[in-house]
Structures are given as C-alpha cells and as structure tokens.
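So the chains spell out like this:
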Amino acid sequence: MADSTHMEQELRSQPGTWREAARIGADSGRLPAPGARVAVVGCGTSWFMAKAYAALRESSGLGVTDAFAASEAFLGADRGYDAVLALSRSGTTTEVLRLLESVDGRIPAVAVVGAADSPAALLADTAIALPFADELSVVQTRFATTALALLRAHLGQDLTAAFGDAEDALAAPVEPRWTEAEQFTFLGTGWCAGLADEAALKMREASQSWTESYPAMEYRHGPVAVAAPGRVTWTLGPAPEGLAGEVARTGAEFVAHPRDPMAELVLVQRVALERARARGLDPDHPRALTRSVQLGPH
C-alpha cells in the first residue's frame, strides 16, 4: 500500500469538513445577503471556487455576482458592488491582501480563510475561518471544496446528496488507464466550469500532467482537436447533448458520472494523487510551488 500523504489524508476528510461548513453556511449572516451586488475574488484554486460560487449565486437569482482573479479585479466605484468576498486558504496571498487594502473603507469585505488570525482575516471587515479544513499539503483539496460547501449551503442548497456522493467518490476505483493516460481535458457548464478549471489545475500541480479545461460548449470550437486514443475527456456535471459521441469518434475516453460535481472533483483529486505516485513525485510538495504566493514590494 502506498505511503499516506497529507494530500491523501486531507482529500479523504472532505465529507466531514463539508458537513461542518454546511452547518456554518446555512446559519451565517456574515455572507452577502440576497440582492447584494457582489465581487468574489481569489487566486488559483480559490479563484476557481469563486467562479463556481458566482455562477451559482447569480443563476439562482440572488444578485449580480462577478468572479475575478484577485490581481485582475475591477472594483471601481462605477461597478457599484455592495460587497467583496475574498477566498484564501492561507490568508497571506499578496494579491488578495493588496485587493483588501484597496477596498478598505470603500466596499465592505468578507474573507473566507483557514485561520482567523491571518492577515486577510484581519484586513477584512468580517471573516469566516474554517480551521478544520486548513491543510498542510501545498496542493489544495479540502479547503477549496469546504469553502464552496459553505457558500452553497448559504445559497440554500441541500448538500445531503453531495455528502453521500463524496463518500462514493472516495470508494470508487481509480482506473489504471486514468493513471496511465497521456492527457486530460476537463469540461463543465455553468458553475461546473470553475470546477473543471480546478480539476485541471489539481492534476497539473500534483502530477505534472498535461491537462486542459474549458466550458463544455466551447470544447467543440477547437479544443476537441486534442482528443485521441490514450487521452481522456472528463465532464463534471451534465454533458451537452451529443458530446459523448463526438469524443468517442476521436478514440479518446469520455468520462461522465452522475455524482454531484463537487463530489466528482474528489475522484479527480484521487486520480491526480495516484498519477503523482506513479511518476515518483511528492504530491505534498509540487515542483516550483509554495503553500502561499507572497510577492516582494514593487
């Protein structure tokens, strides 16, 4: 049996951390209220969770919600935002801290972080700490999904099925052909497009794999050209009609499971872990990455 890693321990804890976060989210008055115009920001994995939440919130009719990479956010007065929601596991990421400083006294800010005493938590007007979901591995797994569980519960979603699907994803086999595949493309529609981005990033970070991600309807507009035998096209959430057949004709494997898309991401995390092991890599310490990106002064 392979040696346990922080990444494995943390990804396997997700059903429990999701339940705890859902309880907090359902009762929280600190997150943006219905009707508020909200900008959601983050970096890397947190940006992808921001994209998923923004799509869910706006499609639920709860108010205009825009997601930005923290370094690329447009938060001028003409945008009319009522709140900024910042996601940051470490609470020390430079771009997030700079953004919170820039809106101080101008737009109320809420930070969802791993530690209540982190710089981002102290800069924000309000902080929601999820210390039970914080991580030792550089590669994020449970903090990202736990933050999304918090936000989904706050939107009024019942996550009971997601909890069960996550347990199923932890028990499902990791097929050898996925460990050996040459390339992966991840797809999603609506809020699942952000999850597809995160799936690709996780595979890339942990195992140095060739991965891509796209909104599912955009896949036909060029990216499908990369599909071929020995490669995998994996959709999180419902697939557009006819897409499975188009991928099958290329010889690539098309993967689609009926799980909650957030739970399906757990299976992708496991595949990334096994691919790292097969390549002799340390998934807890991926090449050229650190737990928090902290930039020097200009």
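Here, the structure is the one placed above.
Report on the accompanying structure. Here the structure is a predicted model, which is why all the values come from computation and not from measurement.

What counts, and where the lines are drawn
Residues numbered from 1 in each chain as written. Predicted model: local features only at pLDDT ≥ 70, side-chain atom pairs only at ≥ 80, totals over all residues. Heavy atoms only, no water. Axes fitted to C-alpha atoms, helices over the stretch in contact; angles between N-to-C directions. Helix = DSSP H or I, 4+ residues; strand = E, 2+ residues; numbered from the N terminus. Parallel < 35°, antiparallel > 145°, perpendicular 65-115°, else oblique. Left-handed = near helix turned anticlockwise from the far one by under 90°. Contact = heavy atoms within 4.5 Å. Nonpolar A, V, L, I, M, F, W, Y, C, P; charged D, E, K, R; others polar. Phe/Tyr/Trp six-rings, centres within 6.5 Å; stacked < 30°, edge-to-face > 60°. Buried < 20%, exposed > 50% of the residue type's maximum accessible area, 1.4 Å probe, protein only. Pairing = 2+ DSSP bridges. Right-handed = clockwise from strand over helix to strand, strands pointing away. Salt bridge = Lys/Arg side-chain N within 4 Å of Asp/Glu carboxyl O. Core = buried A, V, L, I, M, F, W, Y, C linked by side-chain atoms within 4.5 Å.

## Concerning the packing of helix α9 (residues 192–207) against helix α11 (residues 261–278)
So, step 1. The N-to-C vectors of α9 and α11 enclose an angle of 15°; their axes lie 8 Å apart at closest approach. In terms of orientation, α9 lies roughly parallel with respect to α11. α11 is crossed by α9, and the crossing has right-handed handedness. Along its contact with α9, which presents Cys-192, Leu-195, Glu-198, Ala-199, Lys-202, Met-203, Ala-206 and Ser-207, the element α11 presents Pro-261, Met-262, Leu-265, Val-268, Gln-269, Val-271, Ala-272, Arg-275 and Ala-276.
So, step 2. Class assignment of the residues belonging to the contact of α9 with α11 gives a composition of twelve nonpolar, two polar and three charged.

## Digging into the packing of aromatic side chains
So, step 1. By the definition in use, this model includes seven aromatic pairs.
So, step 2. Judged by centre distance (6.3 Å) and plane angle (70°), the rings of Phe-68 and Phe-74 are edge-to-face.
So, step 3. By relative accessible area, which is 10% here, Phe-68 ends up buried.
So, step 4. Classification of Phe-74 as exposed rests on a relative accessible area of 54%.

## What to know about the pairing of strand β2 (residues 65–69)
So, step 1. Bridge analysis of strand β1 (residues 38–42) against β2 gives five bridges, and the strand direction is parallel. Note on β2: the bridge partner recorded for Gly-42 is Ala-69.
So, step 2. Taking the sense of rotation as the criterion, the β-α-β connection linking β1, helix α3 (residues 45–59) and β2 turns out right-handed.

## Some remarks on the packing of helix α7 (residues 160–171) against α11
So, step 1. Between α7 and α11, the shortest axis-to-axis distance is 8 Å and the interhelical angle comes to 20°. Regarding the angle of α7 to α11, the classification is roughly parallel. Here the hand of the crossing between α7 and α11 comes out right-handed. Where α7 approaches α11, its residues Ala-162, Asp-165, Ala-166, Ala-169, Leu-170 and Ala-171 are matched on the opposing element by Ala-263, Val-266, Leu-267 and Arg-270.
So, step 2. Tallied by class, the residues present in the contact of α7 with α11 amount to eight nonpolar, no polar and two charged.

## Here we look at the sheet that holds strand β6 (residues 183–188)
So, step 1. On the basis of which strands lie adjacent, the open sheet formed by four strands has the order β7-β6-β8-β9 and parallel pairing. A single partner strand is all that each edge strand has here, and the edge strands are β7 (210–215) and β9 (253–256). The sheet shows a mean angle of 20° between the axes of neighbouring strands, direction not considered.
So, step 2. With six bridges joining them, β6 and β7 adopt parallel strand pairing. Counted as the bridge partner of Gly-188 is Pro-215 from β7.
So, step 3. Helix α10 (residues 243–250) rests against β6, β8 (231–235) and β9 of the sheet, and its axis sits at about 150° to β9.
So, step 4. Its contacts with the sheet place α11 against β6 and β8, and it is angled at close to 155° to β8.

## Section: the pattern of salt bridges
So, step 1. Using the criterion set out here, one finds 16 salt bridges in the structure.
So, step 2. Of the charged contacts in the structure, one is a salt bridge between Glu-205 and Lys-202, with a shortest N-O distance of 2.9 Å. Separated by three residues within a single helix, Glu-205 and Lys-202 lie in helix α9, roughly one turn from each other. For the pair Glu-205 and Lys-202, one class covers both residues: buried.
So, step 3. We note a salt bridge from Glu-274 to Arg-277, for which the minimum N-O separation is 2.9 Å. Of this pair, Glu-274 and Arg-277 both sit in helix α11, three residues apart, which is roughly one turn of that helix.
So, step 4. Look at Glu-274 and you get partly exposed, because its relative accessible area is 26%.
So, step 5. Put simply, Glu-8, Arg-12, Glu-274 and Arg-277 are held in one network by salt bridges that share partners.

## Comments concerning the nonpolar core
So, step 1. Trp-18, Leu-85, Val-112, Phe-184, Phe-186 and Trp-234 are the most contacted members of the largest nonpolar core, which totals 67 residues.
So, step 2. Among residues more than four places away in sequence, those in contact with Phe-186 are Ala-196, Ala-199, Ala-200, Met-203, Thr-211, Glu-212, Ser-213, Tyr-214, Trp-234, Leu-236 and Val-268.
So, step 3. The next biggest cluster of nonpolar side chains, apart from the first, holds 20 residues, and it includes Val-41, Val-96, Leu-97 and Leu-100.

## Topic: the sheet that holds strand β3 (residues 83–88)
So, step 1. If you walk across this open sheet you meet the five strands as β2-β1-β3-β4-β5, and the pairing is parallel. Of all the strands in the sheet, the pair left with one neighbour each is β2 and β5 (126–129). Between one strand and the next, the sheet's axes are offset by a mean angle of 20°, whatever the strand orientation.
So, step 2. Here helix α6 (residues 142–154) sits on the sheet and contacts β3, β4 (109–113) and β5; the angle it forms with β4, its principal contact strand, is near 135°.

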